[in-house]
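Report on the structure
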Amino acid sequence: MPIELPRGLPFSVDTWSPNSNRKRHHFLTHAHKDHTSGILTHSCYPIYTTHLTKLLVLQNYPQLEDSLFVGIEVGESVVINDPDGEFKVTAFDANHCPGAVMFLFEGNFGNILHTGDCRLTPEGVRCLPEKYISKKGKEPRCQLDYVFLDCTFGKFTQKFPSKHSAIQQVLNCIWKHPAATVVYLTCDLLGQEDILAAVSETFGSKIFVDDVANMESFRALKLTVPEILTQDPSSRFHMFDGFPRLYERAAAKIAEAQANLQPQPLIIRPSAQWYACEEGYSETESQRKLRFNEAVRDPNGVWHVCYSMHSSRGELEWALQLLAPKWVVSTTPSCLAVELDYVKKHCSGTKLTLENRLWKLLDINVEASLETEVPVRVLDYPSVVEGSTQISAESQSSSVKVTSRRLLSLSPPGKRPEVTLFGRARLGIPDSGFLTEEKIESIKDSSQVVSHKMDQDVPFENQVEVKCENILKNKLDTELKCENKLETTEQCGKSVKKEVLKVSVRPPIGSSQNFSETLRKFYRSMNVPVPRPLPSLSEFMNSKKGTKRRFES
């Protein structure tokens, strides 16, 4: 499921909601329904996508107007004029399904690569501009600020066979079963038509697709590979629905053939999902390699081939090493970016500075006071300007000028930003139990002391220098980690020694500070009850002592 992009960006990618509707420009990477959910309700001009994706979307949503879309093809760049400064967008092949692309955005907000859904290959990654690709272990000349990455199989450690190799496994499986008079191919998803085309070409037979029972797949195939389709059910090869209840329907087909004294049909499912679910299965290395090198039959009689339209963990790690981005954001909830080795090594320890333009990409609370219990104003869009709007697009030229009714005014971040739960979960910031760090600088022989206290509800490791004499007062039921350090500075030509005390303050487990309003809203948005905090150890021991005393009395 795609994620909303930060509010500081003037565009959205694959999201159709009230929040994304506030954006001035919209991009669609491909036509799968999980990336077009809500497009009927929250679509507005302009939507940049490929011509084939537009046709597929209009088939699924005939209520949409063709004029909503602006074409951009693989290898093409479009310069878009925006109130916050023009930016360039370039489309690259995503190796996912017909019409699928990745988008590279370059502008005042930085350099951002959004992969959509993708299967990254060496050839595909090297099609990106040379300045973004590292060579011989050196960082690229121009580093990507952000990569919004498809991590669908980011937890899958095994090596996927290439698409070409997987298709060959399907063909070999059919060759090994010449007695099967009917072959059912579960290739009903957009992106699996290459398998049907290869089977049709190899065996010289067209594929039967029921245009009533499988109307959506039939329409998509009529756009992509119309020459392989037939409405003759006597064809040996039939397209078969992968969902729902695949195994029940497969068992019914096998039972029907047995009842009619016919050879058992061959049912092939080209998908990586079965392999991902079976990864923990105990087997030797040779058995594991064999499972990925040829079709495997499960107890239900279905033959599986590891055909993946998404990257494996190894492919993701390789691509990130080659691109060396500053930050990685997972677009899939099944695997967070922080779980990838590259992110753990290169991104988790990165220090954000107030001068860094990446601040514009975050959902940031700005103009916050350092005083305790002072509300923070959230940076948001101004009110929508009502009135007539003129929208012009020069789709035939390389420069597209768009005048929109929604104007964005961004102010620079304040002294103390707050990164929301989105920023924490997606950017790979390690979860440290909402740890707050205070860096105290105590100058000896100084009579003036200024004290500031951090808001404990801010879930971000933000270091603030404060001058104080005693930070350890009134810090009950907390974990403190102190580190003393002497620093020498030059003041008015004299050497002055300063004692620096670094204190890490962790709220107690039972404290309500561990459950900020942002976290509560996140649980509620997922329709999950907010968990009750565990009691602190001191409360638990006291209650145990009280019970023991009552028992003894």
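Residues numbered from 1 in each chain as written. Predicted model: local features only at pLDDT ≥ 70, side-chain atom pairs only at ≥ 80, totals over all residues. Heavy atoms only, no water.

How we decide: UniProt positions are given in the numbering used here, feature names are shortened, and annotations may be inferred rather than shown by experiment.
In the annotation of an unreviewed UniProt entry, the entry for the chain reads DNA repair metallo-beta-lactamase domain-containing protein, and the organism field reads Salix udensis. Under Subcellular location (unreviewed entry), UniProt gives the following word-for-word description of the chain: "Nucleus".

Looking at the sheet that holds strand β1 (residues 11-13)
Inclusion rule: Pairing between two strands is assigned when DSSP locates at least 2 bridges connecting them. Runs of H or I in DSSP of at least four residues are treated as helices and runs of E of at least two as strands, each being numbered from the N terminus. Every axis corresponds to a line fitted to the C-alpha atoms, with the helix fit spanning only the stretch in contact, and the corresponding angles, defined between N-to-C directions, vary from 0 to 180 degrees.
Strand order in the open sheet made by the four strands is β1-β2-β3-β4, with parallel pairing throughout. Each having just a single partner strand, β1 and β4 (69-71) make up the two edges of the open sheet. When strand polarity is set aside, the average angle formed by the axes of neighbouring strands in this sheet is 30°. In the sheet, strand β2 (residues 25-27) pairs with strand β3 (residues 47-49) via two bridges, with the strands oriented parallel. Bridge pairing in β3 places H26 opposite I47.

Re the pairing of strand β7 (residues 101-107)
Moving residue by residue along a regular strand, the side chains alternate between the two faces of the sheet. The test is simple: Note on exposure labels: buried denotes an accessible area under 20% of the residue type's maximum, exposed denotes more than 50%, and partly exposed covers the range between, all computed with a 1.4 Å probe on protein chains only.
For β7, the tally of buried residues reaches six of seven residues, placing the bulk of the element in the interior. Strand direction decides the pairing type here: strand β6 (residues 87-93) and β7, joined by six bridges, are antiparallel. Note on β7: the bridge partner recorded for D93 is V101. Summarising the sheet, β7 and strand β8 (residues 110-114) pair through five bridges and their orientation is antiparallel. Bridging across to β8, E106 finds its partner in N111.

Quick word on the packing of helix α5 (residues 163-175) against helix α6 (residues 193-203)
Threshold: Here roughly perpendicular refers to angles of 65 to 115 degrees, roughly parallel to angles under 35, roughly antiparallel to angles over 145, and oblique to all remaining angles. If you view the pair so one helix is near and one far, a crossing is left-handed when the near helix is turned anticlockwise from the far one by less than a right angle, and right-handed when it is turned clockwise. Only heavy atoms enter the contact rule, under which two residues are in contact if any of them lie within 4.5 Å.
Where α5 meets α6, the axes come as close as 10 Å, and the angle between the chain directions of the two elements is 45°. Here α5 lies oblique to α6, going by the angle between them. Handedness of the α5/α6 crossing: right-handed. Here α5 contributes I167, V170, L171, I174 and W175 to the contact with α6, which in turn contributes D194, I195, A198, V199, T202 and F203.

Observations concerning the state of the cysteines
Should the sulfur atoms of two cysteines be covalently bonded, the bond is a disulfide. Just so we agree on the cut-off: Cysteine sulfurs are considered disulfide-paired once they come within 2.5 Å of each other.
Enumeration according to the criterion identifies zero disulfides in this entry. The cysteine C118 is free of any disulfide, with C151 supplying the nearest cysteine sulfur at 8.6 Å. What makes C118 buried here is its relative accessible area of 0%.

Comments concerning the pattern of salt bridges
Put simply, the test is: By salt bridge we mean one thing: a side-chain nitrogen of Lys or Arg within 4 Å of a carboxyl oxygen of Asp or Glu.
Taken as a whole and assessed by the stated rule, the structure comprises 14 salt bridges. Salt-bridge contacts for R119 lead to E315; the nearest nitrogen and oxygen are separated by 3.0 Å. Within this pair, whereas R119 is found in the loop between β8 and α4 (122-125), its partner E315 is found in helix α11 (residues 313-323), the two being separated by 196 residues in sequence. With a relative accessible area of 4%, R119 lands in the buried category. The salt bridge partner of E294 is K176, with a shortest N-O separation of 3.9 Å.

Thoughts on the confidence of the model for the chain
Counted only if it meets this: Confidence of the predictor at the level of single residues is captured by pLDDT, which takes values from 0 to 100.
On average, the chain scores 74 in pLDDT, and the residues at 70 or more come to 61%. Taken together, the stretch residues 351-356 has pLDDT below 50 and engages in ten contacts with residues farther than four places along the chain or on a different chain. This stretch, residues 363-513, has a pLDDT under 50; its non-local contacts, to residues over four places away or in other chains, come to 283 contacts.

What about the layout of surface pockets?
Cut-off, in case you're wondering: Cavities and pockets are found on a 1 Å grid laid over the protein atoms alone: a cavity is a set of points where a 1.4 Å probe fits but cannot escape, a pocket is an open set with protein on both sides within 12 Å along at least five of seven lines, and a lining residue has an atom within 4 Å of such a point. Grid points are joined across faces, edges and corners, and a volume is the space filled by probe spheres set on the points. Residue polarity is assigned by list, with Asp, Glu, Lys and Arg as charged and Ala, Val, Leu, Ile, Met, Phe, Trp, Tyr, Cys and Pro as nonpolar; anything else, Gly included, falls into the polar class.
The volume enclosed by the second largest pocket comes to roughly 890 Å³. Around the second largest pocket, the lining is made up of 38 residues, and of these H32, D188, L189, L190 and M309 lie nearest the centre. Contributing elements (two or more residues each) for the lining of the second largest pocket: α3 (51-60), α7 (215-224) and β14 (266-270). Counting residues per element, the lining of the second largest pocket draws most heavily on α7, at six residues. Its residues assigned to classes, the lining of the second largest pocket comprises 15 nonpolar, 15 polar and eight charged.

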